[in-house]
Amino acid sequence: MIDFHCHLDLFAQPASVAEKIQAGNFGALSVTTTPAAWRGTEQLAEGNSKIRTALGLHPQLAQERRGEIELFRALLPETAFVGEVGLDGSPELKSTWDDQVAVFDGVLGHCASEGGRLLSIHSRRAVGPTLAALERSPGAGRPILHWFSGSFRELEKAIEFGCWFSIGPGMLSSARGRALALAMPRARLLLETDGPFVLDGGLPAVPWKLDRVVQRLSQLFQESDSAIAALIESNESAVLAGFAR
Ligand code: MN
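Residue numbers restart at each chain and count upward from 1, following the sequence in its written direction. Confidence filtering applies because this is a predicted model: local features only for residues at pLDDT of at least 70, side-chain atom pairs given and counted only at 80 or more, and all residues used for totals across whole chains, interfaces and linings. In computing side-chain properties, one takes all heavy atoms of the structure into account and sets aside hydrogens as well as water.

Peer 1: What should I look at first to understand the packing of helix α5 (residues 97-113) against helix α6 (residues 127-136) in this one?
Peer 2: When two helices pack together, their arrangement is given by the angle between the helix axes and the distance between those axes. Under this scheme, a helix contributes an axis fitted over its contacting stretch, all axes are lines through C-alpha atoms, and angles between N-to-C directions fall in the 0 to 180 degree range. In this text, helices come from DSSP runs of H or I with a minimum length of four residues, and strands from runs of E with a minimum of two, each type numbered from the N-terminal end. Packing of α5 against α6 brings their axes to within 9 Å, and their N-to-C directions diverge by 40 degrees. Considering how the two elements wind past one another, α5 and α6 form a crossing that is right-handed. Contacts between α5 and α6 involve Trp97, Val101, Phe104, Asp105 and Leu108 on the former and, on the latter, Pro129, Thr130, Ala133, Leu134 and Arg136. A breakdown of the residues in the contact of α5 with α6 according to their chemical character gives seven nonpolar, one polar and two charged. Note on convention: near helix rotated counterclockwise from far helix by under a right angle means a left-handed crossing. Clockwise means right-handed. We call two residues in contact whenever any of their non-hydrogen atoms come within 4.5 Å of each other. In the scheme used here, Gly and all other residues not listed as nonpolar or charged are polar, with Ala, Val, Leu, Ile, Met, Phe, Trp, Tyr, Cys and Pro taken as nonpolar and Asp, Glu, Lys and Arg as charged.

This is the structure in structure tokens:
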């Protein structure tokens, strides 16, 4: 099984985390927050069969790093995976909103020009505008909404749009997050940690302990661990189809 959203490069000791991922039972999509960080982060995964590196430009950095959209475009042919990208409608980021939209539109436009990418998307307090941006760039790729935290109505719209969802310890730690997880189509569920930002048992969540997320999902869905593992593995094959690199 695969952690579809982890920040390998932001752990205190990324090289040792990469080694532990390689030695463990789970794969990881290593997302980045700036195009400038991509090369070094991708090198952490060199020779590592369990890690794929995604090219990102995080909405919280969109204003400061909007100039890196050109670097994003230049690097995009090297990977089938894009993240972390998206929009954040939190009040403290209000002054950056126009830059966020311009950057996300740029990201999606370049993805569409390149034939589409698998996208790990941040949509905190911005599900509507995130879906609207995806609608403006048909062909941008297959969207995975990471740590969905919108309303149930917004969830319905995201499902209707065809989004996938990656679920992790952060989301499952709140009653509301668990209720949202229960309302998601089982066939579009994936796993994530969002480590090192999310803590699990007091320590940064890590891909090689992803079975803890499986256990929590099986409790929530009242299914066996092996049934949830089989479901997730089947979903992973489906979401990765066409995005092999
Ligand atoms: Mn993240």
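Peer 1: What is the right way to look at the coordination of the manganese ion in this model?
Peer 2: Tetrahedral metal sites with four donors have an ideal angle of 109.5 degrees; octahedral sites with six donors have ideal angles of 90 or 180 degrees. Protein-derived coordination of the manganese ion comes from His5 (NE2), His7 (NE2), Glu84 (OE) and Asp194 (OD), at a distance range of 2.2 to 2.5 Å. For the manganese ion, all donor residues lie on one chain, and their spacing in sequence is H-x1-H-x76-E-x109-D. Residue Glu84 is found in strand β4 (residues 81-86), and its partner Asp194 is found in the loop between β8 (189-191) and β9 (199-200); the two are separated by 110 residues along the sequence. Since its relative accessible area comes to 7%, Asp194 is described here as buried. Shown as donors are all N, O and S atoms within 2.8 Å of a metal ion, widened to 3.2 Å for Na, K and Ca; because water is not in the atom set, sites may appear incomplete. Each residue's exposure class comes from its accessible area (1.4 Å probe, protein chains only) as a fraction of the maximum for that residue type: buried when under 20%, exposed when over 50%, partly exposed otherwise.

Peer 1: Is there a simple way to think about helix α10 (residues 211-221) in this case?
Peer 2: Along an α-helix, residues three or four positions apart point the same way, because every turn accommodates 3.6 residues. Residues of α10 that are buried: Val213, Val214, Leu217, Ser218, Leu220 and Phe221. Along α10, the residues classed as buried sweep out an arc of 160 degrees about the axis, all on the same side. Immediately downstream of α10, the backbone of Gln222 shows phi near 50 degrees, a positive value. What the arc measures is the spread of directions leading from the helix axis to the C-beta atoms.

Peer 1: What is the right way to look at the packing of aromatic side chains in this model?
Peer 2: Centre distance and the angle of the planes are the two values used to describe a pair of aromatic rings. Any pair of Phe, Tyr and Trp rings, taking the six-membered ring for Trp, is counted once the centres come within 6.5 Å. Such a pair is stacked with planes under 30 degrees apart, edge-to-face with planes over 60 apart, and tilted for the rest. Inspection of the entire model under this criterion finds one aromatic pair. Here Phe148 and Phe165 contribute two aromatic rings whose centre-to-centre distance is 5.9 Å and whose plane-to-plane angle is 90 degrees, an arrangement assigned as edge-to-face. Pair noted here: Phe148 is in the loop between β6 (141-146) and α7 (152-161) and Phe165 is in strand β7 (residues 164-167), with a separation of 17 residues, a long-range link. Neither Phe148 nor Phe165 differs from the other in exposure class; each is buried. For a lysine, the NZ atom is tested; for an arginine, the CZ atom; a charge sits over a ring if that atom is within 6 Å of the ring centre and within 35 degrees of the ring normal. For Arg186, the ring lying beneath its charged end belongs to Phe221, and the centroid distance is 3.7 Å.

Peer 1: What should I look at first to understand α5 in this one?
Peer 2: By this rule, a helix spans an expected 1.5 Å times one less than how many residues it contains. When the terminal C-alpha atoms of α5 are compared, their 24 Å separation across 17 residues agrees well with the 24 Å that a helix rising 1.5 Å per residue should span. Among the residues making up α5, those that are buried are Asp99, Gln100, Val103, Phe104, Gly106, Val107, Leu108 and Cys111. Tucked into the core, α5 has its buried residues touching α3 (62-65), α4 (69-75), β4, β5 (117-122) and α6.

Peer 1: Explain the side chain of Asp88 to me, please; I cannot follow it from the model alone.
Peer 2: Positionally, Asp88 belongs in the loop between β4 and α5. On the basis of relative accessible area, Asp88 is assigned to the buried category, the value being 0%. Within the structure, the side chain of Asp88 is placed 3.3 Å from the side chain of Gln60, a separation counted as a polar contact. Two N or O atoms count as a polar contact when they lie within 3.5 Å, although within protein this holds only if one can serve as hydrogen donor and the other as acceptor, and sequence-adjacent residues are included solely when both atoms are side-chain atoms. Engagement of the side chain of Asp88 in a polar contact is seen with the side chain of His122, the distance being 2.8 Å. Excluding its chain neighbours within four sequence positions, the residues that come into contact with Asp88 are Pro59, Gln60, Leu93, Trp97, Gln100, His122, Arg124 and Ala126.

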